[in-house]
Amino acid sequence: MNCIFCKIAAGEIPSDKVYEDDRLVAFNDINPQTRVHALVVPKEHIAGAAALTEDHAEIMGRLWTAIPKIAALLGVSEAFKVSVNSGADAGQTVFHLHFHLQSP
Ligand code: AMP
Ligand code: ZN
């Protein structure tokens, strides 16, 4: 599959990784919109939030519970925002699920 975040997750193209475990990876956004701006991405390909089903309950739990750990690594535990753009009209440009983790 020709998916840039699958390739980043697999280490096939470089990224500025800030966290990685067996199921997910987080890396700094190449075009940060805020002082801290990372993307939290499952290693498995999921096209986006609209594609989620009950089958994704475990990975969604893993993603969400990793977020405070990643926020701590980035030094933003006290104040951070998490967002998802779902669909092109909402600003989604990469069709592999990702959470924007940003400083305010
Ligand atoms: P979205 O518009 O919500 O789909 O978010 C996609 C995000 O991915 C944007 O903020 C881009 O700046 C970011 N992005 C695209 N390509 C890369 C890349 N190779 N490395 C890091 N971030 C990227
Ligand atoms: Zn993918």
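Rules and cut-offs
Residues numbered from 1 in each chain as written. Chains lettered and ligands numbered in written order. Predicted model: local features only at pLDDT ≥ 70, side-chain atom pairs only at ≥ 80, totals over all residues. Heavy atoms only, no water. Donors = N, O, S within 2.8 Å, 3.2 Å for Na, K, Ca; no water. Tetrahedral: all angles 85-135°; square planar, octahedral: opposite > 155°, others 65-115°. Helix = DSSP H or I, 4+ residues; strand = E, 2+ residues; numbered from the N terminus. Polar contact = N/O pair within 3.5 Å; in protein donor to acceptor, adjacent residues only side chain to side chain. Contact = heavy atoms within 4.5 Å. Near = heavy atom within 4 Å. Areas by Shrake-Rupley, 256 points an atom, 1.4 Å probe, with all protein chains shown as cover. Nonpolar A, V, L, I, M, F, W, Y, C, P; charged D, E, K, R; others polar. Buried < 20%, exposed > 50% of the residue type's maximum accessible area, 1.4 Å probe, protein only. Pairing = 2+ DSSP bridges.

A. Structural context of the coordination of the zinc ion (ligand 2). Distances from the zinc ion (ligand 2) to its protein donors, Cys3 (SG), Cys6 (SG), His45 (ND1) and His96 (ND1), fall at 2.0 to 2.3 Å. The site at the zinc ion (ligand 2) holds four donor atoms, and with the angles between them running 105 to 117°, its shape is tetrahedral.

B. Structural detail: the side chain of His100. With respect to the helices and strands, His100 occurs in strand E5 (residues 99-102). Here His37 takes part through its side chain, which lies 2.8 Å from a polar atom of the side chain of His100. Apart from residues no more than four positions distant in its own chain, His100 is found in contact with Asp29, His37, Ala38, Leu39, Lys81, Val82, Ser83 and Asn85.

C. Focus on the site of ligand 1. As a matter of local geometry, ligand 1 sits amid 16 residues, with Asp29, Asn85, Gly91, Thr93 and His100 nearest to it. The contact in question runs from an oxygen atom of ligand 1 to an N or O atom on the side chain of Asp29, over 2.5 Å. In this structure, Thr93 approaches ligand 1 through a main-chain N or O atom, which is 2.7 Å from an oxygen atom. When ligand 1 sits alone it has 500 Å² of accessible area, and the protein chains cover 84% of it. When residues of the shell around ligand 1 are traced back to their parent elements, those giving at least two are helix H1 (4-9) and strand E2 (24-28). When residues of the shell around ligand 1 are assigned to their parent elements, the largest contribution, three residues, is made by H1. Taken together, the residues of the shell around ligand 1 break down into seven nonpolar, eight polar and one charged.

D. Just the pairing of E2, in detail. The element E2 is largely enclosed, with a buried count of four among its five residues. With three bridges connecting them, strand E1 (residues 17-20) and E2 associate as antiparallel partners. Bridge assignment links Tyr19 to a residue of E2, and that residue is Ala26. Hairpin connection between E1 and E2: a loop of three residues separates the two successive antiparallel strands.

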